[in-house]
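What follows is each chain in one-letter form.
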Amino acid sequence: MFILSMNLNSPTEEDYLGIYSIMFWTLTLIGVFKYVFIALNADDNGEGGTFALYSLLCRHINIGNHPSRSTGVLYSNGSMTSETRSKLGKFLEESITAQRILLFIAMLGMCMLIGDGILTPAISVLSAIDGLRGPFPSVSKSAVEAISAVVLLALFLLQKHGTARVSFLFSPIMGTWTLTTPIVGVYSFLRFYPSIFKAVSPHYIVHFFLRNRRKGWELLGGTVLCITGAEAMFADLGHFNKRSIQMACLLTIYPSLVLTYAGQTAYLIKHPDDHNDGFYKFVPHPVYWPMFVIATLAAIVASQSLISATFSIIKQSVTLDYFPRVRVVHTSKHKEGEVYSPETNYILMVLCILVILGFGDGKDIGNAFGVVVILVMFITTLLLTLVMIIIWRAPIALVMLYFVPFFIIEGVYVSAVLTKIPKGGWFPFLVSIILAFIMFVWYHGRQRKIEYEVRNKISVDSFNKLLSSLEIQRAPGLCFFYSNIQDGLTPLLGHYVRNMRSLHKVTILTTFRYLLVSKVNPNERIVIRKLGIEGLYGCVIQYGYADSLNVEGDNYISKVTNSIREHIRYNFDGLSPTSLEEEISQLENAKEAGVVHVRGKTRFHIGIQTSFSDKILLGLYEFLHGNCRSALPALGIPLQQRMIIGMVYNT
């Protein structure tokens with residue numbers, strides 16, 4: 001809403017018309033054509049955003065060792081056969097380097113959105129509170145920064161209570177905002193410059209760059225901010241349906257922005273040197289304070305939406321094992337998307353306040369904001385192009401009709417915002433790179449562990465011989481033994497039996513499989529199978545990245561044991577009724593005797609023969625793994641029922 005606050009030296013009427021023309025066509029081409037008409041159709045089971053695009057690609061081509069491609073009985077959704085895959089799809093399947101680059105690009109896109117969650121609260125609240133300096137010039141910038149920091153501090157401290165109690169206010173606030181600002185805009189351009197819409201002609205853009213040349217190119221770093229929120233709109237697809245987003249954008253948001261920026265531009269044409277604060281200056285005095293209140297409330301709602309989106313992104317990343325485990329709490333019993341992460345919340349709070357106190361000037365924060373906005377859009381363009389070629393199988397001419405214009409437009413914007421990196425843009429870029437690197441290291445370490453377990457898995461026959469060759473006691477009780485693999489037995493189980501010389505009468509090898517789909521059908525949530533040894537069962541619990549892991553304590557145990565009981569009844573394999581009842585009775589008796597949850601605490605042995613890259617990546621992974629939360633507390637398992645066993649894996 002403060003897009004026209006840019007550094008212009010003696011701006012002319014033609015300059016402002018050129019800037020408005022740039023913003024109009026940026027909103028129209030990128031906001032409407034790219035996102036509303038194209039990107040919203042590239043959803044992954046109703047979910048949007050860069051990671052949804054990546055997961056969509058992963059489910060249609062076999063790239064990497066992803067959960068949705070693991071062996072065993074898993075959820076599937078229309079993957080292509082090798083005969084129908086495109087040449088590009090086959091290339092990605094065969095090139096490990098291309099797969100890793102694609103993964104890192106998708107991770108970087110997610111991290112850019114997290115960076116958006118840092119900068120949006122800072123710039124929105126700071127810009128809104130800065131309106132105090134209009135009627136009260138004596139208010140210093142330091143005071144505005146302090147007030148903004150206090151507002152953000154209060155906002156973050158309230159996150160633990162969830163947004164359910166106040167969310168009913170969000171729509172009226174944003175509705176009021178999108179209604180009042182265009183009214184002020186219409187009043188402004190009718191008063192100051194009624195012919196403002198002649199700037200819709202693209203020739204004003206051409207003349208603007210011919211006059212200003214390099215300076216005009218650098219100013220693109222400011223005009224790109226007119227399109228903030230487009231990527232967040234795409235990422236919020238999981239919370240709203242596609243049709244409602246399209247209608248809201250086309251009928252309210254788009255015309256509201258076009259009219260508001262028209263009013264700002266009209267005011268600045270008549271007051272060419274008053275461009276340091278293009279929003280509050282064009283607001284008429286009689287409605288100044290109502291607009292200040294509305295702007296402040298709208299800034300808080302916008303901040304809340306990005307904070308909530310950041311929680312959702314972190315939750316999805318943790319769920320899919322792409323990010324070190326942090327605590328995720330569901331704050332609403334009725335709305336699945338309302339989550340809260342204490343660690344994420346306090347880190348965001350500190351970073352937001354540091355941004356305000358460190359940068360201070362809204363222009364520097366705007367520079368940082370521009371870097372985040374355009375880079376994540378550029379990444380979306382690249383991923384959307386892959387979706388068009390590999391999944392939609394669109395004609396190459398149609399793909400180029402999309403790719404070439406947006407690649408050029410966004411490429412020019414990227415080149416312009418890169419000049420802002422020394423002027424504040426380095427901050428979100430650095431944060432995003434660090435977060436993406438953390439995600440990549442975590443993913444690499446987790447995959448290396450899975451690969452080791454798959455290579456060293458124990459067959460059922462080998463495990464049966466192990467049980468018979470040693471004096472193994474079958475201890476009473478029910479044991480949930482957590483494993484990362486489901487085809488074969490984890491080497492941790494053999495390590496446990498050899499050292500403990502015992503095995504519970506009923507042992508359930510449990511694997512949590514987080515799939516690259518948004519949601520898993522309830523009837524496919526728990527998959528049970530017998531392992532050919534008395535009292536030994538395999539259990540795969542499947543979740544998508546938008547599913548809630550709502551299994552806790554006794555409820556979790558009951559769901560699994562009920563599924564085993566049903567599996568025994570419907571897959572009795574010729575058992576007599578007596579044997580069938582004995583097996584079910586054994587399960588119930590084991591449950592009553594006591595439940596224990598066993599998981600491994602594995603480490604990599606980083607020795608002399610370990611490669612240099614693995615020494616760095618696996619060393620960092622071990623540091624992250626040693627300082628992140630355990631997986632079991634997230635299930636609500638009591639401390640007295642937990643057991644951890646250690647094992648060292650060779651690299």
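Residues numbered from 1 in each chain as written. Predicted model: local features only at pLDDT ≥ 70, side-chain atom pairs only at ≥ 80, totals over all residues. Heavy atoms only, no water.

Q: How do you make sense of the overall build of the chain when you look at a structure like this?
A: Looking only at helices and strands, one finds 21 helices and eight strands in the chain. In the chain, which comprises 651 residues, the proportion classed as buried is 55%. By sequence separation, contacts in the chain at least 24 residues apart represent 82% of the contacts at least 6 residues apart. When the accessible surface of the chain is split by element, carbon and sulfur atoms take 61% of a total near 28,200 Å². (Helix = DSSP H or I, 4+ residues; strand = E, 2+ residues; numbered from the N terminus. Buried < 20%, exposed > 50% of the residue type's maximum accessible area, 1.4 Å probe, protein only. Contact = heavy atoms within 4.5 Å. Areas by Shrake-Rupley, 256 points an atom, 1.4 Å probe, with all protein chains shown as cover.)

Q: Help me understand the nonpolar core in this model?
A: Nonpolar side chains tend to gather and get buried jointly when the protein is soluble and globular. Counting 168 residues, the largest nonpolar core has Y54, I227, Y322, M377 and F480 as its most contacted members. Among the elements that line this core, the one with the most residues is helix α4 (residues 96-129), at 19 residues. Within the second largest apolar cluster, 31 residues are counted, among which are Y452, L467, L509 and V596. (Core = buried A, V, L, I, M, F, W, Y, C linked by side-chain atoms within 4.5 Å.)

Q: How should the packing of aromatic side chains be read in this particular structure?
A: By convention here, two paired aromatic rings are described through the distance between centres and the angle between planes. Per the counting criterion, the structure on display carries 24 aromatic pairs. On the basis of an interplanar angle of 80° and a centroid distance of 5.4 Å, the ring pair of W289 and F292 is categorised as edge-to-face. Of the two residues, W289 and F292 are both situated in helix α12 (residues 288-319); the distance of three residues between them amounts to about one turn of the helix. Take W289: its relative accessible area is 38%, and that puts it in the partly exposed class. Judged by relative accessible area, F292 falls into the buried class, the value being 10%. Each ring, one from W442 and one from Y621, has its centre 5.2 Å from the other, and the planes form 50°; the classification is tilted. Of this pair, W442 sits in helix α16 (residues 426-455) while Y621 sits in helix α21 (residues 612-627), and the two are 179 residues apart along the sequence. Among the aromatic side chains, those forming a connected cluster through ring pairs are F136, Y280, Y288, W289 and F292. (Phe/Tyr/Trp six-rings, centres within 6.5 Å; stacked < 30°, edge-to-face > 60°.)

Q: I tried to follow the environment of M23 on my own but got confused; where do I start?
A: Within the fold, M23 resides in helix α1 (residues 13-36). Spatially, the C-alpha atom of M23 lies 9.7 Å from that of L257, the residues being 234 residues apart in sequence.

Q: Mind showing me how you'd approach the environment of H567 here?
A: With respect to the helices and strands, H567 occurs in helix α19 (residues 553-570). The class of H567 is buried, set by a relative accessible area of 17%. Residue contacts for H567: discarding those within four places in its chain leaves I528, R529 and K530.

Q: Just to check I follow, could you spell out the sheet that holds strand β8 (residues 642-650) for this structure?
A: Within a sheet, each strand pairs with its neighbour through backbone hydrogen bonds, oriented either parallel or antiparallel. Spatially, six strands are ordered β5-β6-β4-β3-β7-β8 in an open sheet, and the strand pairing comes out mixed. On the outer flanks of this sheet lie β5 (526-530) and β8, each paired with one strand and no other. Averaged over all neighbouring strand pairs, the angle between strand axes comes to 25°, with direction disregarded. Sheet topology note: the strand β7 (residues 595-605)/β8 ladder contains nine bridges and is parallel. Residue pairing in the sheet places V598 in a bridge with M643 of β8. Those strands touched by helix α18 (residues 491-500) are β3 (473-482), β4 (502-515), β7 and β8, and its axis lies near 115° from that of β8. (Pairing = 2+ DSSP bridges. Axes fitted to C-alpha atoms, helices over the stretch in contact; angles between N-to-C directions.)

Remember that the coordinates give geometry; whether it matters functionally is a separate question.
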